[in-house]
Amino acid sequence: MSSLYQSMIGVIEKAITPLAGRLGQQKYIIAIRDGFTAALPFMIIGSFMLVFIFPPFSATTTNGFARAWLDFSATYREQLMLPFYLSMGVMTFFISVGIGASLGRQFSLDPVMSGLLAFMAFLLVAAPYSNGTISTAYLSGQGIFTALITAIYSTRVYAWLKHNNITIRLPKEVPTGVARSFEILIPVVVIIGTLHPLNLFIQAQTGMIIPEAIMHLLEPLVSASDSLPAILLSVLLCQLFWFAGIHGALIVTGIMNPFWMANLSANQAALAAGTALPHIYLQGFWDHYLLIGGVGSTLPLAFLLLRSRTTHLRTIGKMGIVPSFFNINEPIMFGAPIIMNPMMFIPFVCVPMVNAILAWTATRMGWLAQVVSLTPWTTPAPIGASWAANWAISPVVMCLICMVMSALMYLPFLRAYERSLMKSEEQKAQEQAATTQSGEKRNEVSVS
Amino acid sequence: MIRIMLCCSAGMSTSMLVRKMKEVAQERGLAVEIDAYGVTEFDEQFARYQVVLLGPQVKYMLKTLADKAASAGIPVQPIEMMDYGMQRGDKVLDFALSLIEAAHE
């Protein structure tokens, strides 16, 4: 057992820690994550509007309140849709500015300018303009990957130009604000001068504008991202990272976010059109079924810890329970500890995977409502799951099932861990007694 | 005034520890400013503090962050895993104080 564990630790230290280190400090992954984080509040509120537009009642309801709401939302559909369109519908605006700003900051550029430059680069290729209007077709989820690429490209160009001192320099007396706006002139010209012809060229060759072509190219990847193997792989990666003590969710969500967002906007479009929702694996699925109480779905474990037979674990339970409701579980992860703890490895890795299989199957069977809204990851899981699925009841039931499963899977391993803790506590006590005894003896000898 | 910065992924779990550390500091009558930030805010914030402590879950970024702060002579160290998990405000405060002291020698 211990040699097997040693070799496992060896593998983790040799392979996973450096991999996480590289991925986690990858400038582009950080920028993508930051970009989405910056865009999130707008999108949460924007998709919150969906509840008003599509109230969670059946269209044939006779309940007075529900009827009034349904009629209201039908009459004022257009007005109610506006905040939604101007947040979720143009999510790429927020995302490109966010990514540009974060990457700019990492390259020691002015973040506001980098963000705005990224925004223009995106508009250049994704918003065809004619007769005084721009097409919005690629401003939501369909344009996400384009937004990532143009933001990275424009910021790199900006950084390269600045690094090579290709810039307009003004006398020192000019205020920095003014100097800064001049500094951006050459990058703007270079971005327009490269992206615009490229867009025209691709359009002439393929008949598609850049975001269309990119979506076309990435189609297999996007549909693969919404499959059970993709869920299991991403959650396995997250669990292994975390087991090694590395914030794995940070890395995995950085990679998955573009896919989740693209799929979310497809689901919302389907909801608005009244057709079947195409996607299952979205942020809400990840947050509220796989990370109940934090990574490893440790909320049920926190309850078990509260009633543990060892003082240490009880203390951890008491400290961890409240933050756990809001999906913060570092006290449990580091305190129990679960990290690098051979006794907890199996349930920690398996619990979210089993929950993923359950929730996926339930959705496939048409029993579990799918995600259509963005929710804050700190929302308690059953509430968050319901909110994400337009306040359906089935996600609450699913969350409870997942929690029971987690508790059942953690329990035997927790008991084994408790036993080993109690044994080592006893041993320590005995050793202590022994050393004090032998110490006393030695004292006696020296006295005599 | 002793100024300590804590840093984790989003500044959530460290902020719980900050509260504990402040309680201990108050008991001891120490004047402290302790704040928690997400790791993305590191660059803008670290210069205002005398020491930066990292949550163990972002320890893998230690080298990059420590290199950035080294030029300003600000020590960056990870918090011991168990102290973090058990939210031992006293131990972490002691650790921070010892780092500040060592940096000023």
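For the structure, see preceding data.
A brief look at the structure comes next. (Residues numbered from 1 in each chain as written. Chains lettered and ligands numbered in written order. Predicted model: local features only at pLDDT ≥ 70, side-chain atom pairs only at ≥ 80, totals over all residues. Heavy atoms only, no water.)

Considerations on the overall build of chain B
Within chain B one finds five helices and four strands. Order of helices (α) and strands (β) in chain B, N terminus to C terminus: β-α-β-α-β-α-β-α-α. Rg of the C-alpha trace for chain B: 12 Å, near the compact-globule value of 13 Å for 105 residues, within the 12% margin. Across its three principal axes, chain B shows a C-alpha extent of roughly 35 × 30 × 20 Å. Counting across all 105 residues of chain B, residues that qualify as buried make up 50%. Of all intrachain contacts in chain B linking residues separated by at least 6 positions in sequence, the fraction that spans at least 24 positions is 72%. Carbon and sulfur atoms provide 51% of the accessible area of chain B, an area that totals close to 4,800 Å². Averaging the coordinates of the 11 positive side-chain charges in chain B and doing the same for the 14 negative ones gives two points 3 Å apart. (Helix = DSSP H or I, 4+ residues; strand = E, 2+ residues; numbered from the N terminus. Rg over C-alpha atoms; globule rule 2.2 N^0.38 Å. Buried < 20%, exposed > 50% of the residue type's maximum accessible area, 1.4 Å probe, protein only. Contact = heavy atoms within 4.5 Å. Areas by Shrake-Rupley, 256 points an atom, 1.4 Å probe, with all protein chains shown as cover. Lys, Arg positive; Asp, Glu negative; His and termini not counted. Charge placed at Lys NZ, Arg CZ, Asp CG, Glu CD.)

Considering the packing of helix 11 (residues 228-243) of chain A against helix 17 (residues 345-364) of chain A
All names here are of chain A. Here helix 11 crosses helix 17 at 160 degrees, and the two axes come no closer than 10 Å. For the element pair helix 11 / helix 17, the angle class is roughly antiparallel. Where helix 11 crosses over helix 17, the handedness of that crossing is right-handed. Across the interface between the two elements, Leu 228, Ile 231, Leu 232, Val 235, Leu 236, Gln 239, Leu 240, Trp 242 and Phe 243 from helix 11 touch Phe 345, Phe 348, Val 349, Pro 352, Met 353, Ala 356, Ile 357 and Trp 360 from helix 17. In terms of residue class, the contact of helix 11 with helix 17 is made up of 16 nonpolar, one polar and no charged. (Axes fitted to C-alpha atoms, helices over the stretch in contact; angles between N-to-C directions. Parallel < 35°, antiparallel > 145°, perpendicular 65-115°, else oblique. Left-handed = near helix turned anticlockwise from the far one by under 90°. Nonpolar A, V, L, I, M, F, W, Y, C, P; charged D, E, K, R; others polar.)

Some points on the packing of aromatic side chains
Residues and elements named next belong to chain A. Inspection of every chain in the model, using the stated rule, returns 20 aromatic pairs over all chains. Seen in terms of ring centroids, Phe 72 and Tyr 76 are 5.0 Å apart; in terms of plane orientation they differ by 45 degrees. Their pairing is tilted. Taken together, a centroid distance of 5.9 Å and an interplanar angle of 85 degrees make the contact between Tyr 281 and Phe 285 edge-to-face. A relative accessible area of 0% places Tyr 281 in the buried class. Under the relative-accessibility criterion, Phe 285 is labelled buried at 2%. Among the aromatic residues, those joined into a cluster by ring pairs are Phe 48, Phe 52, Phe 65, Trp 69, Trp 387 and Trp 391. (Phe/Tyr/Trp six-rings, centres within 6.5 Å; stacked < 30°, edge-to-face > 60°.)

Remarks on the interface of chain B and chain A
Taken together, the contacts link 18 residues of chain B with 28 residues of chain A. When chain B packs against chain A, close to 1,900 Å² is buried across both sides, 72% of that on carbon and sulfur atoms. Where chain B meets chain A, there are one salt bridge. Among the ionic pairs, Glu44(B) bridges to Arg105(A), the shortest N-O distance being 3.1 Å. Viewed at the interface, chain A and chain B are joined by three residue pairs in polar contact (both at pLDDT 80 or more). By residue number, the principal contributor to the side of chain B that touches chain A is helix 4 (residues 81-85) of chain B, which donates four residues. Of the residues contributing to the side of chain B that touches chain A, the split by class is nine nonpolar, seven polar and two charged. (Buried area = accessible area lost by both parts, 1.4 Å probe. Salt bridge = Lys/Arg side-chain N within 4 Å of Asp/Glu carboxyl O. Polar contact = N/O pair within 3.5 Å; in protein donor to acceptor, adjacent residues only side chain to side chain.)

Notes on the nonpolar core
Of all hydrophobic cores here, the largest spans 158 residues; its most connected members are Trp286(A) and Ile4(B). Apart from the residues within four sequence positions on either side, Ile4(B) is in contact with Met21(B), Glu33(B), Ile34(B), Asp35(B), Tyr49(B), Val51(B), Leu53(B), Leu93(B), Ala96(B) and Ile100(B). (Core = buried A, V, L, I, M, F, W, Y, C linked by side-chain atoms within 4.5 Å.)

What to know about the sheet that holds strand 3 (residues 51-54) of chain B
Residue and element names in this part refer to chain B. Strand order across the open sheet formed by four strands is 2-1-3-4, with parallel pairing between neighbours. At either end of the open sheet lies a strand with only one pairing partner, and these are strand 2 (32-38) and strand 4 (76-78). Pairwise comparison of adjacent strand axes, ignoring direction, gives a mean angle of 25 degrees for this sheet. Bridge analysis of strand 1 (residues 2-8) against strand 3 gives four bridges, and the strand direction is parallel. Paired with Leu 6 across the strands is Leu 53, a residue of strand 3. This element, helix 3 (residues 62-70), spans strand 3 and strand 4 of the sheet and lies at about 155 degrees to strand 4. (Pairing = 2+ DSSP bridges.)

A closer look at helix 10 (residues 210-225) of chain A
Residues and elements named next belong to chain A. Helix length check: helix 10 (16 residues) gives 21 Å between terminal C-alpha atoms against 22 Å at 1.5 Å per residue, within 8%. Leu 218 marks where helix 10 bends most, by close to 55 degrees; the proline Pro 220 follows one to four residues later. Buried within helix 10 we find Ile 210, Pro 211, Ala 213, Ile 214, Met 215, Val 222 and Ser 225. Where helix 10 is buried, its residues contact helix 6 (111-126), helix 7 (144-163), helix 9 (185-206), helix 11 and helix 12 (248-273). (Expected span 1.5 Å × (residues − 1). Bend = angle between axes of the 7 residues up to and from the residue.)

These figures capture arrangement, not role.
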